[in-house]
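Breakdown of the fold
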Amino acid sequence: KPVNYTTSSGIITAVQLTVSAPTLTTTKAYTGTTTAVVTAGSLSGVLGGDTVTVSGVANYADANVGTGKTITTVYTLAGAQQANYTKPVNDINNTGVITAIVINTAAISGVTAPVAGATPVATLADGTGYTATISWSPSAGTFAGTTVYTATVTLTAKTGYTLTGVTANFFTVAGTSTPATNSA
């Protein structure tokens, strides 16, 4: 006569899932963050009747402008039977690009045309994407009515921004009909 046998040492191994056709946006403009845009794609390996979904979060290795950057996508499972499965292997992509933001504001805040008797502007407020300094030639405590003055404004791009591509005579000065001049 057969004997019934029961054991409590059985092991059920979680099923390894895979993702097909994930969509990763590998190029973005500088934002100061490492976040990349990803859509997880289709989940493969889920057994019929089980409810399991996948989502992905992607990040660049760093937030700095550059090319050939590593982007890692980490997958997470959800759903009623998720504990019975192993999430897809993280995806690593080495073709990420973070581009610099081009400064395209022509008006440099705080620069005004010289007016006889007025005090020259000595400092400029930083703008979005740049720091600015100003110096006057000739140097004066107040503007004289018959002297021609030249303001030299130096713009330095902040991290993640660029002044590349600024065309000649792009900038404007408030209060003057004489165009500002700058080199490209």
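Below, the structure is looked at part by part.

Procedures and definitions
- Residues numbered from 1 in each chain as written.
- Predicted model: local features only at pLDDT ≥ 70, side-chain atom pairs only at ≥ 80, totals over all residues.
- Heavy atoms only, no water.
- Phe/Tyr/Trp six-rings, centres within 6.5 Å; stacked < 30°, edge-to-face > 60°.
- Helix = DSSP H or I, 4+ residues; strand = E, 2+ residues; numbered from the N terminus.
- Buried < 20%, exposed > 50% of the residue type's maximum accessible area, 1.4 Å probe, protein only.
- Pairing = 2+ DSSP bridges.
- Lys, Arg positive; Asp, Glu negative; His and termini not counted.
- Salt bridge = Lys/Arg side-chain N within 4 Å of Asp/Glu carboxyl O.
- Polar contact = N/O pair within 3.5 Å; in protein donor to acceptor, adjacent residues only side chain to side chain.
- Contact = heavy atoms within 4.5 Å.
- Core = buried A, V, L, I, M, F, W, Y, C linked by side-chain atoms within 4.5 Å.

1. Brief notes about the packing of aromatic side chains
- Using the criterion set out here, one finds three aromatic pairs in the structure.
- Note on Tyr30 and Tyr161: the rings are 6.4 Å apart at their centroids and 65° apart in plane angle, and the pair reads as edge-to-face. Of this pair, Tyr30 sits in the loop between strand E4 (27-29) and strand E5 (35-36) while Tyr161 sits in strand E16 (residues 161-162), placing them 131 residues apart in sequence.
- Residue Tyr161 is classed as partly exposed on the basis of its relative accessible area of 25%.
- An aromatic cluster is built from Trp136, Phe143 and Tyr149, whose rings are joined through pairwise contacts.

2. Quick notes on the pairing of strand E9 (residues 66-78)
- Sheet analysis places strand E8 (residues 53-60) next to E9, joined by eight bridges and oriented antiparallel. If you follow Val54 over to E9, its bridge partner there is Leu77.
- The antiparallel hairpin formed by E8 and E9 contains five residues in its connecting segment.

3. Remarks on the side chain of Lys28
- Locating Lys28 in the fold gives a position in strand E4.
- Here Lys28 is buried and forms no salt bridge, its nearest opposite-charge partner Asp62 lying at an N-O distance of 9.3 Å.
- Within the structure, Lys28 has its side chain in polar contact with the side chain of Thr31 (distance 3.1 Å).
- Sequence-distant contacts of Lys28, defined by excluding residues within four places in its chain, comprise Thr33, Thr34, Thr35, Tyr60, Val97, Ile98 and Thr99.

4. Quick notes on the nonpolar core
- The biggest cluster of nonpolar side chains holds 13 residues, and the ones touching the most others in it are Ile108, Leu124, Tyr130, Ile134 and Leu155.
- The element that contributes the greatest number of residues to this core is strand E14 (residues 130-137), accounting for four residues.
- Excluding residues that lie within four positions of it along the chain, Ile134 makes contacts with Val111, Val121, Ala122, Thr123, Leu124, Ala151, Thr152 and Val153.
- Within the second largest apolar cluster, eight residues are counted, among which are Val19, Val52, Val54 and Leu77.

5. So, the environment of Tyr30
- Using a relative accessible area of 16% as the deciding quantity, one classes Tyr30 as buried.
- Sequence separation between Tyr30 and Ala63 is 33 residues, and the spatial gap between their C-alpha atoms is 7.3 Å.
- Apart from the residues within four sequence positions on either side, Tyr30 is in contact with Ala63, Val65, Ile98, Thr99, Ile101, Thr159 and Gly160.

6. Description of the sheet that holds E8
- Ordered by their spatial adjacency, five strands build an open sheet running E4-E11-E9-E8-E5, and the pairing between neighbours is mixed. Each edge of the open sheet carries a strand with a single partner, namely E4 and E5.
- Pairing of E4 with strand E11 (residues 91-99) involves three bridges; the strand directions are parallel. Looking across to E11, one finds that Thr27 is bridged to Val97.

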